[in-house]
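Chain by chain, the residues:
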Amino acid sequence: MQSSLADKKVLLGITGSIAAYKSIILARLLIKAGAEVRVVMTNAAKDFVSPLVLSTLTRNQALIDIAGEKEWANHVMLGRWADVFMIAPASCNTIAKMANGLCDNLLLAVYLSATCPVMLAPAMDEDMWKHPSTKSNLKQIEEYGIKLLQVNSGELASGLVGEGRMIEPDEIFAAITQLLVPHQPLKGVKAIVTAGPTHEPIDPVRFFGNQSSGLMGIEIANALARAGAEITLILGPSSQIIPSGIETLRVTTASEMFEATKAKFSTCNIAVMAAAVADFRPEQTATEKIKKDGTNLQLTLVPNPDILAWCGKEKSPNQIVVGFALETSDGEENAKKKLSSKNADIIILNTHDETNAAFGSSINKISIFDTNGNMVSYPQSTKKELAIIITNTIINKLNEKQQR
């Protein structure tokens, strides 16, 4: 039988903490499960665990310095080689440096250039764990998308008993396994996700648009892909990094997004319309830059295609259509109207106000409405966390339709 982590690549980061001895056990668990393990350590970690032991266990040299006498450790390639970068233990000092983008050792250089998921298993004394600066640093790195594992309560190096103890190696191993070999309830399912803004040209250098970054839709596409779905991401102008393995169609205007959606819709099981599509476009686009001549400029605007309404009209009984509503007032009433008028299965309400900027932020606050009359509101969370909630809602709705 194939091992649970066969062909998986784990980069294990170790920082200066008494809990570093547990990293030897963790490395052994990973290797027994079939993973290839490489280790990167801080200089302080050498005081707690032997690089020779880790090199022998993993059959790869434990790396400490960016450059040696004969060669340098390619931190960029290390972060691209790994399927996951697990830092265990993560000391208070290293967490502070990560939160503030400092780069004074190899481990931090790898972290700052890593394209793989990064996970942290913190370890420190209780007073350090509960200090406001630590809490602020932890919140910051979670906003960066780092997966933070919780600490245990127990005997600490200081002799006190309290929170801050690193969780056990088998718990860390389980978290890595869950990330790398997740349950895939959507295996064999096809989904399209629209994301980002559209730009409607006025002339060759100007356009109508909005401040959408595309992050929410990209996170939903990523969460659906982790659940096993085959994804087509239809993305408007966005500078966000796209996860590997996701087919991405780049578009600019609402009309282009509509055509790309129509081409894929009939073969998909799930359509998530997360893009912030411009409602209107100029009736005519100037072929040359419009010059300022001291007079008022008048533009005639015409409606863009309503992509969500088209999907709702064309969907089959077994297809799921998910729409988004961005509201500044009367959010619940407008979301319910949109659910009905667009014939959607689920509407995600974003409330845009002084406490929640839905556009251009890594966090958001949503409410989910469905055709069963359910409405569930969620507190402000990272868009990555909300994407998982939305994906689970979609899975439940898809199962409901299949059971009819």
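Computed from a prediction, not measured in an experiment: that's the story for all the values here.

Asker: Provide a residue-level description of the sheet that holds strand β5 (residues 147–148), including the pertinent values.
Answerer: Adjacent strands of a sheet form backbone hydrogen bonds with each other and so pair up, either parallel or antiparallel. Strand order in this open sheet of five strands is β2-β1-β3-β4-β5, and the pairing throughout is parallel. The sheet is open, and its two borders are formed by β2 (36–41) and β5, each paired with just one other strand. Pairing of strand β4 (residues 118–122) with β5 involves two bridges; the strand directions are parallel. Paired with Leu-120 across the strands is Leu-148, a residue of β5.

Asker: Report on the environment of Gly-245, specifying residues and quantitative values.
Answerer: Turning to its location among the elements, Gly-245 is positioned in the loop between β11 (230–235) and β12 (247–250). For the pair formed by Gly-245 and Ile-231, sequence separation is 14 residues and the distance between their alpha carbons is 8.6 Å.

Asker: Quick one: what's the story with the layout of surface pockets, residue by residue and with numbers?
Answerer: As a volume, the second largest pocket reaches approximately 790 Å³. Lining of the second largest pocket is provided by 36 residues; of these, Ala-275, Ala-276, Val-277, Phe-324 and Lys-338 occupy positions nearest its centre. The set of elements that each furnish at least two residues to the lining of the second largest pocket consists of β8 (190–195), α9 (215–226), α11 (307–314) and β16 (320–327).

Asker: Go over the packing of aromatic side chains with me, naming the residues and quoting the values.
Answerer: Applying the stated criterion across every chain yields a total of two aromatic pairs. Here Phe-258 and Trp-310 contribute two aromatic rings whose centre-to-centre distance is 5.8 Å and whose plane-to-plane angle is 85 degrees, an arrangement assigned as edge-to-face. With Phe-258 in helix α10 (residues 254–265) and Trp-310 in helix α11, this pair connects stretches of sequence that are 52 residues apart. Judged by its relative accessible area of 12%, Phe-258 falls in the buried class. Measuring from ring centre to ring centre gives 5.4 Å for Phe-265 and Trp-310, while their planes differ by 70 degrees; the resulting arrangement is edge-to-face. Here Trp-310 lies in helix α11 and Phe-265 lies in helix α10, a separation of 45 residues in the sequence. Note on Trp-310: relative accessible area 22%, which makes it partly exposed.

Asker: For a nonpolar patch on the surface, give the residues involved together with the corresponding values.
Answerer: Taken together, the side chains of Phe-280, Leu-297, Leu-299 and Leu-301 present a nonpolar region at the surface, about 380 Å² in accessible area. Structurally, the position occupied by Phe-280 is in strand β14 (residues 280–282). Using a relative accessible area of 43% as the deciding quantity, one classes Phe-280 as partly exposed.

Asker: Can you tell me about the sheet that holds strand β17 (residues 346–351), naming the residues and giving the values?
Answerer: If you walk across this open sheet you meet the eight strands as β12-β11-β8-β13-β16-β17-β19-β20, and the pairing is mixed. The two strands at the open ends of the sheet, each matched to only one other strand, are β12 and β20 (375–377). On average, each strand axis in the sheet is tilted by 15 degrees relative to the strand beside it, whichever way the strands run. Here β11 runs beside β12; their pairing, made up of four bridges, is parallel. Residue pairing across strands places Leu-235 opposite Arg-250, the latter belonging to β12. Helix-sheet contacts for α10 involve β8, β11, β12, β13 (270–273) and β16, and the interaxial angle to β8 is about 175 degrees.

Analysis parameters
- Residues numbered from 1 in each chain as written.
- Predicted model: local features only at pLDDT ≥ 70, side-chain atom pairs only at ≥ 80, totals over all residues.
- Heavy atoms only, no water.
- Pairing = 2+ DSSP bridges.
- Helix = DSSP H or I, 4+ residues; strand = E, 2+ residues; numbered from the N terminus.
- 1 Å grid on protein atoms, 1.4 Å probe; cavity = no way out; pocket = protein on both sides within 12 Å on 5 of 7 lines; lining within 4 Å.
- Points joined across faces, edges and corners; volume = space filled by probe spheres on them.
- Phe/Tyr/Trp six-rings, centres within 6.5 Å; stacked < 30°, edge-to-face > 60°.
- Buried < 20%, exposed > 50% of the residue type's maximum accessible area, 1.4 Å probe, protein only.
- Patch = residues over 30% accessible without salt bridge, like charges linked within 9 Å, V, L, I, M, F, W, Y side chains within 5 Å.
- Areas by Shrake-Rupley, 256 points an atom, 1.4 Å probe, with all protein chains shown as cover.
- Salt bridge = Lys/Arg side-chain N within 4 Å of Asp/Glu carboxyl O.
- Axes fitted to C-alpha atoms, helices over the stretch in contact; angles between N-to-C directions.
- Contact = heavy atoms within 4.5 Å.

Purely spatial values, then, with no claim about function.
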